[in-house]
Number of protein chains: 2
Amino acid sequence: MKIEPRTLKGFRDFLPKEAKKRQYAVEVLKKVFESYGFEPLETPALEYEEILAGKYGDEGDKLMYRFTDNGDRKVAMRYDQTVPLARVVAQYQNELPTPFKRYQIQNVWRAENTQRGRYREFLQVDADIVGSYSPLSDAEIIATVIKSLEKLGFKNFKITINDRANFVGIDPSAILTIDKLKKIGKEGVLKELEEKGLPTSSLDEVLNKNLSDKLKTVSDVLKDQRVIFDPSLARGLDYYTGLIFEVEVDGYDAGSIAGGGRYDNLIGMFAGRDIPAVGFAFGFDRLIEAMETLNLFPTDLYTTKVLTAFANPDLQEKALKIANELRSKEINSEVYPDDVNLEKQLKYADRKQIPYVIIIDNDKLVLKNMQARTQEELNFEQILEKLK
Amino acid sequence: MKIEPRTLKGFRDFLPKEAKKRQYAVEVLKKVFESYGFEPLETPALEYEEILAGKYGDEGDKLMYRFTDNGDRKVAMRYDQTVPLARVVAQYQNELPTPFKRYQIQNVWRAENTQRGRYREFLQVDADIVGSYSPLSDAEIIATVIKSLEKLGFKNFKITINDRANFVGIDPSAILTIDKLKKIGKEGVLKELEEKGLPTSSLDEVLNKNLSDKLKTVSDVLKDQRVIFDPSLARGLDYYTGLIFEVEVDGYDAGSIAGGGRYDNLIGMFAGRDIPAVGFAFGFDRLIEAMETLNLFPTDLYTTKVLTAFANPDLQEKALKIANELRSKEINSEVYPDDVNLEKQLKYADRKQIPYVIIIDNDKLVLKNMQARTQEELNFEQILEKLK
């Protein structure tokens, strides 16, 4: 029986071209996170179901991948990285430093409705500071996000901030409506408040709020014009308890590419005591989409820099020798392994987007620039010079 | 109800210290693979069960994690990276170059018996050349393994090679016995052959084999004394069809840390035609263990290089300023975010293995080397000089 080669709906293969872009972005992010003292953490794909169940509301329980394993254990696949972080913090409390600054970049699985353009397997990029109540930690989180955006090449972006404390005394249902201010405008908000039978005064009440003392400190430490106070920002009714923020990028309108905030009542769930935390998450698929849209990927994300091509099969060994020499000079190189003609080798270089081909024709070496479609006869030293 | 924070048997959390080591090894390997023209590929954690079922023998079917998802689809978790590669090669045949040189570094899941020291989630590190019958590809695979070992710091290792063709005409059960030659010795092999009622002459028959023409080519191309022909090497009854090889490292006796070979009848399973392939896999957990045993990890696998510590809380802002300046010079730095005394900050640096602390005491800066337990008063320029 022939089995059709196919992937599950909502799951993706990343072929080299795409995989390289994603790796590039991950590498840039890791480097920035580490420069701010965040360290890597990895947790398993599978957890005991009881660790994850009930932690993400009804929707989470519905969308979670769970099953009974061969040993009759009820297990569930990683649904986010925050609950596993809470588990780790409780499980290894004597081994971890306080504050614990960790980043975690792993896939999560959610049985989302794919018709809404959602994926069922996607990469989460999180960084959090656990164990510190200080507004300086809030500021460090935002500073890390800003540096990440800069290093990825984003020029024009803004970070809207607010303090959940500003919503104390406001009806939760009203908060959800006011959160839509940017989308539906003042008129829309007032209309929806009325429809819900809520006091329309709550909009003004929220909009008249000032920077809280904590936000003022954060703002003073950051001294960054791109950080903007927006009293209507709510980020839904999530678990946040203090600072909340969202990142928007000029020229990319599909939504916020990162966000986060302070959540002081969540991480202690397994430890049995309150443990403060503040952090952020990048929406990695959106981030990649935004980088595509704004052309932020380097054009030279090739793997192989040079294909050493042989004009006839007798020269294949010489081609291999030259490739090895190039590799010893840190220049990624390869040789077509089978006896094929030059045309086929050039096609291979094209398909793989290899930028240079050295054509070996007896004692002659020709360096071909595959993008510019130019070529010149050179000796090996000259070629090295050109490639460096 | 209090839920006990725990991980499933056979699954591991990698706390920062361990995670950094693993990341280091992965980065070194990726760089080498790319220098030989291998490109990254990623496939999903979940596949349709029919893609994986029956591909790994009875044991594989037994150990595979599989379940029925919310949409009533039978799915299975990635069990290796070769079957997904076969699927990818069939599914995207018009998009991939030939030969297709890909590396893949992802977790796989197997419900192994953990009492045998096996993990149920472990990282696989594979690289393969798909679509080439050339012995040059075999040689490139081994060259990539050699360069990987060198870049990881291994000095003394050997790569045993053989050609499956040498076993043509030998009873498969005899091959399995002869494969144990190194473990049980000549006497042991002869005894087991007798017990199995097999001709004891098959041992000599195998041992008298010479390098096949293909192996001779591989050997000639590599010109490496560490590559040794061993006619008794069989690598079980796996799917290999030509070259097979295994890597052993001096000073680490827990087994081979890498192996591979040519398998020309497998990758075409979904494409419906023979597609040749040759590749290798590193046993990543063993590799890490061998690197630990031989002390091959750099001692400076820190994330944060400098903690800028404040002698009193009023200097915290200054500490942050200095940390930011260090970061702008590509020196990873952080500040303790809460108002604590100097002792606590130093303890934090110790626990996190941060090698340097700058103690800020009004206008005085003291650079403390945390390992050497030395310190000296310096100005900022001098500190920069020391840290570079």
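Preceding this paragraph is the structure being described.
Below: a short report on this structure. (Residues numbered from 1 in each chain as written. Chains lettered and ligands numbered in written order. Predicted model: local features only at pLDDT ≥ 70, side-chain atom pairs only at ≥ 80, totals over all residues. Heavy atoms only, no water.)

**Quick word on the interface of chain A and chain B**
Here comes step 1: Between chain A and chain B, the residue contacts involve 97 residues of the former and 97 residues of the latter.
Here comes step 2: A buried area of about 8,500 Å², summed over both sides, lies between chain A and chain B, and 55% of it is on carbon and sulfur atoms.
Here comes step 3: A per-residue breakdown of the area chain A buries against chain B is headed by Arg6, Leu8 and Glu42 of chain A, which together make up 8% of the total.
Here comes step 4: Our count for the contact surface shared by chain A and chain B stands at 12 salt bridges.
Here comes step 5: One salt bridge connects Asp13 of chain A with Arg87 of chain B, and the closest N-O pair in it is separated by 2.8 Å. (Contact = heavy atoms within 4.5 Å. Buried area = accessible area lost by both parts, 1.4 Å probe. Salt bridge = Lys/Arg side-chain N within 4 Å of Asp/Glu carboxyl O.)

**Brief notes about the pattern of salt bridges**
Residues and elements named next belong to chain B.
Here comes step 1: Scanning all chains against the criterion turns up 56 salt bridges over all chains.
Here comes step 2: With its nearest N and O atoms 3.9 Å apart, the salt bridge here joins Asp61 to Arg66.
Here comes step 3: Here Asp61 falls in the partly exposed class, since its relative accessible area comes to 24%.
Here comes step 4: The exposure class of Arg66 is partly exposed, given its relative accessible area of 29%.
Here comes step 5: We note a salt bridge from Glu192 to Lys180, for which the minimum N-O separation is 3.0 Å. (Buried < 20%, exposed > 50% of the residue type's maximum accessible area, 1.4 Å probe, protein only.)

**A few points about empty space enclosed by the protein**
Here comes step 1: The final tally for this structure, using the stated rule, is four cavities of 30 Å³ or more.
Here comes step 2: Empty space within the largest cavity amounts to approximately 890 Å³.
Here comes step 3: Lining the largest cavity are 38 residues; nearest its centre among them are Ile105, Gln106 and Leu123 of chain A together with Ile105 and Leu123 of chain B.
Here comes step 4: Listing elements by their share of the lining of the largest cavity, those giving two or more residues are α1 (16-35) and β5 (100-109) of chain A together with α1 (16-35), β5 (100-109) and β6 (121-130) of chain B.
Here comes step 5: Roughly 60 Å³ of internal volume is contained in the second largest cavity.
Here comes step 6: Taken together, Glu42, Thr43, Pro44 and Gln106 of chain A together with Arg12, Phe14, Arg22, Asn107, Glu121, Phe122 and Leu123 of chain B make up the lining of the second largest cavity.
Here comes step 7: The element that contributes the greatest number of residues to the lining of the second largest cavity is β6 of chain B, accounting for three residues.
Here comes step 8: Its residues assigned to classes, the lining of the second largest cavity shows four nonpolar, three polar and four charged. (1 Å grid on protein atoms, 1.4 Å probe; cavity = no way out; pocket = protein on both sides within 12 Å on 5 of 7 lines; lining within 4 Å. Points joined across faces, edges and corners; volume = space filled by probe spheres on them. Helix = DSSP H or I, 4+ residues; strand = E, 2+ residues; numbered from the N terminus. Nonpolar A, V, L, I, M, F, W, Y, C, P; charged D, E, K, R; others polar.)

**Details of the packing of helix α5 (residues 135-152) of chain B against helix α9 (residues 213-222) of chain B**
Residues and elements named next belong to chain B.
Here comes step 1: At a closest axis distance of 9 Å, the pairing of α5 and α9 adopts a crossing angle of 50°. By the angle class used here, α5 and α9 are oblique. The way α5 lies across α9 gives a crossing that is right-handed. Of the residues in α9, those touching α5 at Pro135, Leu136, Asp138, Ala139, Ile142 and Ala143 are Lys214, Thr217, Val218, Val221 and Leu222.
Here comes step 2: Within the contact of α5 with α9, the residues separate by chemical class into eight nonpolar, one polar and two charged. (Axes fitted to C-alpha atoms, helices over the stretch in contact; angles between N-to-C directions. Parallel < 35°, antiparallel > 145°, perpendicular 65-115°, else oblique. Left-handed = near helix turned anticlockwise from the far one by under 90°.)

**Remarks on the packing of aromatic side chains**
Here comes step 1: According to the stated counting rule, one finds 23 aromatic pairs over all chains in the structure shown.
Here comes step 2: Centre to centre, the rings of Tyr240 of chain B and Tyr263 of chain B are 6.5 Å apart; their planes meet at 80°, and the pair counts as edge-to-face. Placement of the pair is Tyr240 of chain B in the loop between β8 (227-229) and β9 (243-249) and Tyr263 of chain B in the loop between β10 (258-262) and β11 (277-283), with a sequence separation of 23 residues.
Here comes step 3: In this structure Tyr240 of chain B comes out as buried when scored by relative accessible area, which is 9%.
Here comes step 4: An aromatic cluster of at least three residues, connected via ring pairs, comprises Phe11, Tyr65 and Phe67 of chain A together with Phe11, Tyr65 and Phe67 of chain B.
Here comes step 5: Its guanidinium or amino end placed over the ring of Tyr119 of chain B, Arg12 of chain B lies 3.4 Å from that ring's centre, counting from NZ or CZ.
Here comes step 6: If you follow Arg22 of chain B out to its NZ or CZ, it ends over the ring of Phe14 of chain B, 3.8 Å from the centre. (Phe/Tyr/Trp six-rings, centres within 6.5 Å; stacked < 30°, edge-to-face > 60°. Lys NZ or Arg CZ within 6 Å of the ring centre and 35° of its normal.)

**Re the relation of the copies chain A and chain B**
Here comes step 1: At an RMSD of 0.1 Å, chain A and chain B line up after a rotation of 180° and a shift of 0.0 Å along the axis. Such a combination of rotation and displacement between the chain copies is what one expects of a two-fold axis. Relative to the rotation axis, the C-alpha of Phe67 of chain A is the closest in chain A, positioned 3.2 Å from it.
Here comes step 2: Here 100% of the interface residues in chain A have copies in chain B that are interface residues too; the copies meet face to matching face. (Least-squares fit on C-alpha atoms with pLDDT ≥ 70 in both.)

**A word on the pairing of strand β10 (residues 258-262) of chain A**
Residues and elements named next belong to chain A.
Here comes step 1: Burial runs high along β10: five of the five residues are buried.
Here comes step 2: Burial along β10 is two-sided: Ala258, Gly260 and Arg262 facing one way and Gly259 and Gly261 facing the other are all buried.
Here comes step 3: As paired strands, strand β9 (residues 243-249) and β10 are joined by four bridges and run antiparallel to one another. Counted as the bridge partner of Val247 is Ala258 from β10.
Here comes step 4: In terms of strand pairing, β10 meets strand β11 (residues 277-283) through five bridges, oriented antiparallel. Residue pairing for β11: Gly259 is matched across the bridge by Ala281. (Pairing = 2+ DSSP bridges.)

**A look at the sheet that holds strand β15 (residues 364-369) of chain B**
The strands making up a sheet are joined through hydrogen bonds of the backbone, oriented either antiparallel or parallel.
All names here are of chain B.
Here comes step 1: Pairing is mixed across the open sheet formed by five strands, whose spatial order is β13-β12-β14-β15-β16. The sheet is open, and its two borders are formed by β13 (333-334) and β16 (374-377), each paired with just one other strand.
Here comes step 2: Sheet topology places strand β12 (residues 306-310) next to β13; two bridges connect them, and they run parallel. Paired with Leu307 across the bridge in β13 is Glu334.
Here comes step 3: Across the face of the sheet, helix α12 (residues 342-351) comes into contact with β12, β13, β14 (356-361) and β15 while running at roughly 170° to β12.

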